[in-house]
Amino acid sequence: MDEFITQIESELTGYDLETSEFKSILDNLLLRNAKRIRPRLAFLYIMACQGGITEEQTKIISAGEILHTASLIHDDIIDDASLRRGMRTLHSVFDSKFAVLAGDFLASFGMKKIIRLNNTEIISLFHETFEKMCKAEISQYIKRGEIPSMEEYLLKTTGKTASLFASILKGAAILSQSVNPDAAYELGTAFGIAFQIKNDLNAFIECSESDRKNGIYTAPDIFYFKKNDVSFAIEKTNALIDNEIEKMLKIISEVPDSIYKAQLIQLIKESLCTTKK
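Source: prediction; values computed, not measured. (Residues numbered from 1 in each chain as written. Predicted model: local features only at pLDDT ≥ 70, side-chain atom pairs only at ≥ 80, totals over all residues. Heavy atoms only, no water.)

Visitor: Any chance you could explain the packing of helix H6 (residues 96-115) against helix H7 (residues 120-142) here in plain terms?
Guide: Helix-helix packing is described using two parameters, namely the angle between the two axes and the distance between the axes. With their axes 9 Å apart at the nearest point, H6 and H7 run at an angle of 155° to one another. With respect to H7, the axis of H6 lies roughly antiparallel. Between H6 and H7 lies a crossing whose hand is right-handed. Contacts between H6 and H7 involve Ala107, Met111, Ile114 and Ile115 on the former and, on the latter, Ile122, Ile123, Phe126, His127 and Phe130. (Axes fitted to C-alpha atoms, helices over the stretch in contact; angles between N-to-C directions. Helix = DSSP H or I, 4+ residues; strand = E, 2+ residues; numbered from the N terminus. Parallel < 35°, antiparallel > 145°, perpendicular 65-115°, else oblique. Left-handed = near helix turned anticlockwise from the far one by under 90°. Contact = heavy atoms within 4.5 Å.)

Visitor: It is not clear to me how the nonpolar core should be interpreted in this structure. Could you clarify?
Guide: The tendency in soluble globular proteins is for nonpolar side chains to be buried as a group. If you look at the biggest cluster of nonpolar residues, it comprises 80 residues, and the most contacted ones within it are Tyr45, Phe126, Phe191, Met248 and Leu272. Beyond its immediate sequence surroundings of up to four residues, leucine 272 is in contact with Phe191, Ala194, Phe195, Lys198, Ile241, Ile245 and Met248. (Core = buried A, V, L, I, M, F, W, Y, C linked by side-chain atoms within 4.5 Å. Buried < 20%, exposed > 50% of the residue type's maximum accessible area, 1.4 Å probe, protein only.)

Visitor: What's the story with a nonpolar patch on the surface in this structure? I'm lost.
Guide: Residues Ile78, Ile138, Tyr141 and Ile142 make up a contiguous nonpolar surface patch of about 410 Å² in total accessible area. Ranked by the residues each element gives to the nonpolar patch, the list is headed by H7, at three residues. Tracing the backbone through its elements, the reader meets isoleucine 142 in helix H7. (Patch = residues over 30% accessible without salt bridge, like charges linked within 9 Å, V, L, I, M, F, W, Y side chains within 5 Å. Areas by Shrake-Rupley, 256 points an atom, 1.4 Å probe, with all protein chains shown as cover. Salt bridge = Lys/Arg side-chain N within 4 Å of Asp/Glu carboxyl O.)

Visitor: I'm lost on unusual backbone geometry in this one. Help?
Guide: Peptide bonds are trans in most cases, and residues, glycine excluded, mostly fall at negative phi. Phi is positive for asparagine 118, which is not a glycine, with a value near 55°. By the secondary structure assignment, asparagine 118 is in the loop between H6 and H7. The phi torsion at asparagine 228 lies on the positive side, around 55°, for a residue other than glycine. Tracing the sequence through the fold places asparagine 228 in the loop between helix H10 (219-227) and helix H11 (230-252). Classification of asparagine 228 as exposed rests on a relative accessible area of 57%.

Visitor: Sorry if this is basic, but what is going on with the packing of aromatic side chains here?
Guide: Two measures describe an aromatic ring pair: the distance that separates the ring centres and the angle between the ring planes. Scanning the model with the defined rule gives 14 aromatic pairs in all. Centroid distance phenylalanine 22 to phenylalanine 105: 6.4 Å. Interplanar angle 50°. Geometry classified as tilted. With phenylalanine 22 in helix H2 (residues 20-31) and phenylalanine 105 in helix H6, this pair connects stretches of sequence that are 83 residues apart. Judged by its relative accessible area of 21%, phenylalanine 105 is partly exposed. On the numbers, 6.2 Å between centres and 85° between planes, the contact of phenylalanine 43 with tyrosine 260 is edge-to-face. Linking phenylalanine 43 in helix H3 (residues 37-50) with tyrosine 260 in helix H12 (residues 259-272), this pair joins segments that are 217 residues apart in sequence. (Phe/Tyr/Trp six-rings, centres within 6.5 Å; stacked < 30°, edge-to-face > 60°.)

Visitor: How should I be thinking about the packing of helix H9 (residues 181-205) against H12 in this particular structure?
Guide: Where H9 contacts H12, the axes come no closer than 10 Å and their chain directions differ by 25°. The angle between the axes of H9 and H12 places the two elements in the roughly parallel class. For the pair formed by H9 and H12, the contact residues are Phe191, Ala194, Phe195 and Lys198 on the first element and Ile268, Ser271 and Leu272 on the second. Its residues assigned to classes, the contact of H9 with H12 shows five nonpolar, one polar and one charged. (Nonpolar A, V, L, I, M, F, W, Y, C, P; charged D, E, K, R; others polar.)

Below, the structure is given as structure tokens:
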């Protein structure tokens, strides 16, 4: 796994820029301490299904990481966030104009990696995914201050977060004779939804105001407003996460037993285990 993550990170900075200072800034952003949860999930699922991973599949996964980083830069600008994972955001160090350019450049770099695979199905998949991410962000911005229905929240979460998880797994599956693309997409979607709900729940428990100050309400907020009860909100939000975990375990149950399957299940449980107050 560590060797694979090192390989992914070597793919993240393979771009040319005339300004070395700008490249150094982006390199640091791409390589700074990150969970690499998408590459880990994709690697373990592909390995469990086909017993190996190709160079083209590695490029899809690295492209997904680049697109994810580009989206985070833009998210931080929109949310006026000064920190991400304890580190200053790009626009807070420089300015929003610089950060927009950096995010746009990384988005184009990520899509170039996808286009160079010369597979129209995969190109279309990632184009539609990036469109979904943008639409979800636009919808969230327009509806600031409104408490969404749970259906609206899950739809936004699917577009903004889960769709990229799903497309990375499906894109890699399309290039395989051993991985079912539909199952891969469903697994990625379920993981992405649960991953975002877990982050939202942690922020709710820690009384983080980052989203609420921007008028963005998440699953635990929706439950809380129903009964004005924190315990109820946590319990119901945990149930949403558990439901997505059940979907994932059902998909994985169809995969032959192996060390990679066991590690995949462990990754899911460790990353998404529900939080009790």
